[in-house]
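Breakdown of the fold
Here's the letter readout for the chains.
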Amino acid sequence: MAQTTPLRRRMIDDMTVRNLSPATQQSYVYAVAKFSRFFDRSPDQLGVEEVRAYQIHLAGLGLSWSHINQVSCALRFFFGVTLGRQEALHRIVSAKEPKKLPVVLSAEEITRFLQAVPGLRSRAALTTAYGAGLRVSEVAALKVGDIDSSRRVIRVEHGKGGKDRYVMLSPRLLNILRAYWRWARPKTWLFPGRDGKRPLDPQTLQVACKLACETACLDKKVTVHTLRHNSECRIIPSRLAAIA
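Below or above, wherever it landed, is the structure these notes cover. (Residues numbered from 1 in each chain as written. Predicted model: local features only at pLDDT ≥ 70, side-chain atom pairs only at ≥ 80, totals over all residues. Heavy atoms only, no water.)

1. Here's the deal with the overall build of the protein
Scanning the protein for helices and strands turns up 11 helices and 3 strands. Projecting the C-alpha coordinates of the protein onto the three principal axes gives extents of approximately 60 × 35 × 30 Å. When contacts within the protein are restricted to residue pairs at least 6 apart in sequence, those whose partners lie at least 24 apart make up 60%. Accessible surface computed for the protein: about 14,200 Å², of which carbon and sulfur atoms make up 53%. With 39 positive and 20 negative side-chain charges, the protein shows a spacing of 5 Å between the two charge centroids. (Helix = DSSP H or I, 4+ residues; strand = E, 2+ residues; numbered from the N terminus. Contact = heavy atoms within 4.5 Å. Areas by Shrake-Rupley, 256 points an atom, 1.4 Å probe, with all protein chains shown as cover. Lys, Arg positive; Asp, Glu negative; His and termini not counted. Charge placed at Lys NZ, Arg CZ, Asp CG, Glu CD.)

Take a look at the structure:
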């Protein structure tokens, strides 16, 4: 584990008082550390010109613009907030991300895909992500008590930006989750990991998506993000009522 230097501690404290999520804090610290290692110098000895050179380097590697922009946000926070260099807030820019058309799946493709997901737990989790429009981290962190069958809602804790919210729970998804619960009998986490003490690793669901695409012979790349933003989202085909 890397030593927490006074400078890193200060940055973490700055992010904590601004209530940045743990995931954001981790990604920001990691981005600044990689930036520092690239120049083999302490980051407080570098400036916006080095940031610009580093951005050009990342673009040359063919990394996604969303990744490069996340690094830019981390460096803008470090220089502008932690080091108090106000000019960095304006001089460290982010790129305009190219817009891509979303992957659209038909009801028949959704059915084939979800039926091909290996394992009942992953299948129920991905059906929940699709039917309720949840992010992969949100569906993995669901607890049994988050399912409110009487009000037909799902409570999502610490979603994007650390905010809690409720999403609608359709009767068809509720039936699927009830069938899953009768089979798995989860205690705390709705979709527990192998030891049952921790929630399912989100990466497990991403791997399940990849395997399902191959099994269903889909010519489209489907991720949990695809399921969440699909045009058919929240409309579960009737044939899926029996998947659990």
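2. Some points on the packing of aromatic side chains
Going through the model one piece at a time under the given rule, you end up with 9 aromatic pairs. Centroid distance Phe38 to Phe39: 4.9 Å. Interplanar angle 85 degrees. Geometry classified as edge-to-face. Residue Phe38 is classed as partly exposed on the basis of its relative accessible area of 40%. Between Tyr180 and Trp183, the ring centres sit 6.5 Å apart and the planes meet at 40 degrees, which makes this aromatic pair tilted. Within this pair, Tyr180 and its partner Trp183 are both found in helix H9 (residues 171-184), separated by 3 residues, close to a single helical turn. For Tyr180, a relative accessible area of 1% translates into the label buried. Judged by relative accessible area, Trp183 falls into the exposed class, the value being 57%. Through successive ring pairs, a cluster of aromatic residues spans Phe35, Phe38, Phe39, Tyr54, Phe78 and Phe79. One residue, Arg151, lies across the ring of Tyr166, its end atom 5.1 Å from the ring centre. (Phe/Tyr/Trp six-rings, centres within 6.5 Å; stacked < 30°, edge-to-face > 60°. Buried < 20%, exposed > 50% of the residue type's maximum accessible area, 1.4 Å probe, protein only. Lys NZ or Arg CZ within 6 Å of the ring centre and 35° of its normal.)

3. Observations concerning the environment of Arg135
With respect to the secondary-structure elements, Arg135 resides in the loop between helix H7 (120-132) and helix H8 (136-140). For Arg135, a relative accessible area of 25% translates into the label partly exposed. Along the backbone, Arg135 and His225 are 90 residues apart, and their C-alpha atoms lie at a distance of 6.6 Å. Setting aside its immediate chain neighbours within four residues, Arg135 contacts Lys160, Arg165, Val224 and Arg228.

Spatial relationships are all this shows, so hold off on functional conclusions.
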